[in-house]
Amino acid sequence: MGTNGSTMLKPLRQGLPPLDPGAVSEAASCALPARYEAVREARRFTRATLEPWDVGERSEDIALVVSELVTNALRHALPGEGADGSADGAAGSSPVRLHLMRWPGRLVCAVRDPSHDTPVPRESDDFSAESGRGLFLVDSFADGWGWHPLAGALNGKMVWALFLLHAGEPAD
(Lines give C-alpha, C1' and ligand atoms only; values in the text may rest on other atoms or scores of the structure.)
Protein backbone atom coordinates (compact mmCIF):
# COMPACT_ATOMS: atom_id res chain seq x y z
CA MET A 1 0.00 0.00 0.00
CA GLY A 2 2.39 2.71 -1.24
CA THR A 3 1.60 6.39 -1.62
CA ASN A 4 2.03 8.13 -4.92
CA GLY A 5 3.15 11.72 -5.38
CA SER A 6 -0.40 12.98 -5.80
CA THR A 7 -1.48 11.56 -2.43
CA MET A 8 1.55 13.06 -0.71
CA LEU A 9 0.89 16.47 -2.24
CA LYS A 10 -2.68 16.75 -0.98
CA PRO A 11 -1.80 17.81 2.58
CA LEU A 12 1.09 19.91 1.27
CA ARG A 13 -1.13 21.95 -1.00
CA GLN A 14 -3.11 23.48 1.86
CA GLY A 15 -1.63 26.90 2.55
CA LEU A 16 0.78 26.76 -0.39
CA PRO A 17 0.32 28.69 -3.61
CA PRO A 18 -1.63 26.49 -6.04
CA LEU A 19 0.61 23.63 -7.18
CA ASP A 20 -0.76 21.19 -9.72
CA PRO A 21 0.37 17.67 -8.74
CA GLY A 22 0.27 16.74 -12.42
CA ALA A 23 2.76 19.48 -13.27
CA VAL A 24 5.54 18.26 -10.96
CA SER A 25 8.73 18.32 -13.01
CA GLU A 26 10.84 16.30 -10.60
CA ALA A 27 10.25 14.53 -7.31
CA ALA A 28 12.44 12.51 -4.95
CA SER A 29 12.16 11.30 -1.39
CA CYS A 30 14.18 9.34 1.10
CA ALA A 31 13.52 7.67 4.43
CA LEU A 32 15.71 8.85 7.29
CA PRO A 33 16.68 6.87 10.39
CA ALA A 34 15.95 8.13 13.91
CA ARG A 35 19.49 9.31 14.64
CA TYR A 36 21.33 12.57 14.13
CA GLU A 37 23.48 11.18 11.30
CA ALA A 38 20.25 11.46 9.30
CA VAL A 39 20.82 15.23 9.02
CA ARG A 40 24.07 14.66 7.12
CA GLU A 41 22.35 11.98 4.99
CA ALA A 42 19.50 14.40 4.21
CA ARG A 43 21.95 17.14 3.14
CA ARG A 44 23.87 14.70 0.93
CA PHE A 45 20.61 13.40 -0.62
CA THR A 46 19.39 16.99 -1.19
CA ARG A 47 22.60 18.16 -2.87
CA ALA A 48 22.75 15.07 -5.11
CA THR A 49 19.08 15.45 -6.04
CA LEU A 50 19.28 19.19 -6.74
CA GLU A 51 22.41 19.01 -8.89
CA PRO A 52 20.57 18.05 -12.13
CA TRP A 53 17.41 20.04 -11.23
CA ASP A 54 18.72 23.50 -12.18
CA VAL A 55 17.84 25.33 -8.97
CA GLY A 56 20.64 27.85 -9.47
CA GLU A 57 21.87 29.79 -6.45
CA ARG A 58 19.12 28.38 -4.18
CA SER A 59 20.88 25.03 -3.75
CA GLU A 60 22.70 25.89 -0.51
CA ASP A 61 19.64 27.65 0.94
CA ILE A 62 17.57 24.53 0.27
CA ALA A 63 20.23 22.24 1.81
CA LEU A 64 20.35 24.45 4.94
CA VAL A 65 16.55 24.43 5.31
CA VAL A 66 16.42 20.65 4.82
CA SER A 67 19.03 20.31 7.60
CA GLU A 68 16.93 22.43 9.94
CA LEU A 69 13.65 20.65 9.15
CA VAL A 70 15.22 17.21 9.63
CA THR A 71 16.95 18.32 12.85
CA ASN A 72 13.62 19.60 14.21
CA ALA A 73 11.87 16.36 13.29
CA LEU A 74 14.55 14.31 15.05
CA ARG A 75 14.78 16.57 18.10
CA HIS A 76 11.13 17.40 18.72
CA ALA A 77 8.90 14.94 16.88
CA LEU A 78 10.25 11.54 17.84
CA PRO A 79 9.17 9.91 21.09
CA GLY A 80 11.81 9.41 23.76
CA GLU A 81 15.48 9.79 22.91
CA GLY A 82 15.54 7.91 19.60
CA ALA A 83 17.41 10.64 17.72
CA ASP A 84 20.62 10.12 19.67
CA GLY A 85 20.95 6.55 18.45
CA SER A 86 19.32 4.86 21.43
CA ALA A 87 16.93 1.95 21.00
CA ASP A 88 13.79 4.10 21.12
CA GLY A 89 13.82 4.77 17.36
CA ALA A 90 12.41 1.34 16.44
CA ALA A 91 15.06 -0.70 14.67
CA GLY A 92 14.64 -0.75 10.92
CA SER A 93 11.86 1.82 10.89
CA SER A 94 12.18 5.25 9.28
CA PRO A 95 9.84 7.58 11.14
CA VAL A 96 11.11 10.67 9.27
CA ARG A 97 10.88 11.08 5.50
CA LEU A 98 12.24 13.87 3.29
CA HIS A 99 10.43 14.88 0.08
CA LEU A 100 11.79 17.21 -2.61
CA MET A 101 9.42 18.32 -5.38
CA ARG A 102 10.13 20.77 -8.20
CA TRP A 103 7.65 22.58 -10.40
CA PRO A 104 8.55 25.14 -13.04
CA GLY A 105 9.64 28.15 -11.00
CA ARG A 106 9.39 26.64 -7.52
CA LEU A 107 10.57 23.86 -5.27
CA VAL A 108 9.09 22.42 -2.08
CA CYS A 109 11.04 20.46 0.49
CA ALA A 110 8.94 18.70 3.06
CA VAL A 111 9.74 16.54 6.07
CA ARG A 112 7.21 14.05 7.40
CA ASP A 113 7.41 13.03 11.05
CA PRO A 114 5.17 11.05 13.43
CA SER A 115 4.30 13.92 15.79
CA HIS A 116 1.08 15.92 15.80
CA ASP A 117 2.69 18.81 17.73
CA THR A 118 2.69 22.23 16.11
CA PRO A 119 6.20 23.38 15.14
CA VAL A 120 6.79 26.63 17.04
CA PRO A 121 9.77 28.96 16.71
CA ARG A 122 11.35 29.41 20.15
CA GLU A 123 11.76 32.93 21.44
CA SER A 124 15.41 33.56 22.21
CA ASP A 125 17.65 36.61 22.41
CA ASP A 126 20.72 34.37 22.74
CA PHE A 127 22.09 34.28 19.19
CA SER A 128 25.04 32.17 20.32
CA ALA A 129 22.73 29.35 21.49
CA GLU A 130 23.32 26.07 19.66
CA SER A 131 19.62 25.28 19.28
CA GLY A 132 16.27 27.01 19.11
CA ARG A 133 16.83 28.98 15.91
CA GLY A 134 15.88 26.32 13.33
CA LEU A 135 12.50 27.68 12.30
CA PHE A 136 13.85 31.23 12.24
CA LEU A 137 16.50 30.03 9.76
CA VAL A 138 13.82 28.27 7.72
CA ASP A 139 11.78 31.48 7.69
CA SER A 140 14.84 33.52 6.67
CA PHE A 141 16.06 31.29 3.83
CA ALA A 142 12.80 29.94 2.36
CA ASP A 143 10.16 31.97 0.53
CA GLY A 144 7.47 30.46 2.75
CA TRP A 145 6.95 27.56 5.13
CA GLY A 146 4.19 25.85 7.04
CA TRP A 147 2.93 22.53 8.27
CA HIS A 148 -0.12 20.32 7.99
CA PRO A 149 -1.36 17.28 9.87
CA LEU A 150 -1.50 14.11 7.80
CA ALA A 151 -4.68 12.13 7.39
CA GLY A 152 -5.64 8.59 6.52
CA ALA A 153 -2.97 5.89 6.74
CA LEU A 154 -0.22 8.47 7.25
CA ASN A 155 0.23 9.52 10.86
CA GLY A 156 1.87 12.71 12.06
CA LYS A 157 2.55 15.92 10.17
CA MET A 158 4.38 17.38 7.20
CA VAL A 159 6.50 20.51 7.62
CA TRP A 160 7.25 22.18 4.28
CA ALA A 161 9.32 25.03 2.90
CA LEU A 162 8.76 26.73 -0.45
CA PHE A 163 11.55 28.14 -2.64
CA LEU A 164 10.92 30.30 -5.69
CA LEU A 165 13.29 29.49 -8.55
CA HIS A 166 14.18 31.76 -11.46
CA ALA A 167 11.22 34.01 -10.66
CA GLY A 168 11.11 36.27 -13.69
CA GLU A 169 10.20 39.25 -11.52
CA PRO A 170 12.86 41.77 -10.50
CA ALA A 171 13.74 41.76 -6.80
CA ASP A 172 12.94 44.95 -4.89
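Residues numbered from 1 in each chain as written. Predicted model: local features only at pLDDT ≥ 70, side-chain atom pairs only at ≥ 80, totals over all residues. Heavy atoms only, no water.

Honestly, the overall build of the protein in this entry has me stumped. Any pointers?
From N to C terminus, the protein includes four helices and five strands. Counted over contacts in the protein with a minimum sequence separation of 6, partners at least 24 positions apart contribute 67%. For the protein, the exposed area adds up to about 9400 Å²; of that, 49% sits on carbon and sulfur atoms. (Helix = DSSP H or I, 4+ residues; strand = E, 2+ residues; numbered from the N terminus. Contact = heavy atoms within 4.5 Å. Areas by Shrake-Rupley, 256 points an atom, 1.4 Å probe, with all protein chains shown as cover.)

Would you take a moment to explain the packing of helix α2 (residues 37–50) against helix α3 (residues 59–77) for this structure?
Working note: a packed helix pair is described by the angle between its axes plus the distance between those axes. The interhelical angle for the contact between α2 and α3, taken along N-to-C directions, is 150°, at an axis separation of 9 Å. On the basis of their axis angle, the class for α2 and α3 is roughly antiparallel. Every pair of crossing elements has a handedness; the one defined by α2 and α3 is right-handed. Taken together, the residues of α3 that come into contact with α2 (itself represented by Ala38, Val39, Ala42, Arg43, Thr46, Arg47 and Leu50) are Ser59, Glu60, Ile62, Ala63, Val66, Ser67, Val70, Thr71 and Leu74. (Axes fitted to C-alpha atoms, helices over the stretch in contact; angles between N-to-C directions. Parallel < 35°, antiparallel > 145°, perpendicular 65-115°, else oblique. Left-handed = near helix turned anticlockwise from the far one by under 90°.)

Help me understand the pattern of salt bridges, please; the structure alone is not making it clear to me.
Side chains that carry opposite charge are capable of pairing whenever their charged atoms lie near each other. According to the stated counting rule, one finds seven salt bridges in the structure shown. The network of salt bridges with shared partners includes Arg35, Glu37 and Glu41. (Salt bridge = Lys/Arg side-chain N within 4 Å of Asp/Glu carboxyl O.)

Before we go on, may I ask you to explain helix α4 (residues 134–141) in this structure?
It helps to recall that an α-helix has 3.6 residues per turn; residues three or four apart then point in one direction. Within α4, the full set of buried residues consists of Gly134, Leu135 and Val138. Along the axis of α4, the buried positions cluster into a sector of 95°, meaning they face one direction only. Where the residues of α4 are buried, they touch α3, β4 (144–149) and β5 (157–164). (Buried < 20%, exposed > 50% of the residue type's maximum accessible area, 1.4 Å probe, protein only. Arc of directions from axis to C-beta.)

How do you make sense of the sheet that holds strand β1 (residues 26–32) when you look at a structure like this?
Across a sheet, paired strands are connected by hydrogen bonds in the backbone, their directions being either parallel or antiparallel. Taking strand neighbours across the sheet as the criterion, the five strands line up as β1-β2-β3-β5-β4 in an open arrangement whose pairing is antiparallel. The open sheet has two free edges, formed respectively by β1 and β4, since each of these has just one partner strand. The mean inter-strand angle of the sheet, taken between neighbouring strand axes irrespective of direction, is 15°. Strands in contact with α3 are β1, β2 (96–103), β3 (106–113) and β5; relative to β3, the strand with the most contacts, it is inclined by about 15°. (Pairing = 2+ DSSP bridges.)

How do you make sense of the side chain of Arg58 when you look at a structure like this?
Note on placement: Arg58 falls in the loop between α2 and α3. Of note is the side chain of Arg58, whose polar atom sits 2.8 Å from the backbone oxygen of Phe141. Residue contacts for Arg58: discarding those within four places in its chain leaves Phe141, Ala142, Asp143, Phe163, Leu164 and Leu165. (Polar contact = N/O pair within 3.5 Å; in protein donor to acceptor, adjacent residues only side chain to side chain.)

What's the story with the pairing of β3 in this structure? I'm lost.
Consecutive residues of a regular strand have side chains that alternate between opposite faces of the sheet. Where burial is concerned, most of β3 is hidden: seven out of the eight residues are buried. Bridge count for β2 against β3 is seven bridges, and the pairing is antiparallel. Residue pairing across strands places Trp103 opposite Arg106, the latter belonging to β3. Linking β2 to β3, which pair antiparallel, is a turn of two residues; within it Gly105 sits at a positive phi near 85°. Where β3 lies against β5, eight bridges are found, and the strand directions are antiparallel.

Where do I start with the packing of α3 against α4 in this structure?
For the pair α3 and α4, the least separation of the axes is 9 Å and the interaxial angle reads 155°. Relative to α4, the element α3 lies roughly antiparallel. Our pair here, α3 against α4, has a crossing hand that is left-handed. Only Gly134, Leu135, Leu137, Val138 and Phe141 of α4 make contact with α3, whose side of the interface consists of Asp61, Leu64, Val65, Glu68, Leu69 and Asn72.

What am I meant to see in the pairing of β4 here?
On β4, burial follows the alternation: Gly144, Gly146 and His148 on one face are buried, whereas Trp145, Trp147 and Pro149 on the facing-out side are not. The pairing of β4 with β5 spans six bridges and is classified as antiparallel. Paired with Trp147 across the two strands is Val159, which belongs to β5.

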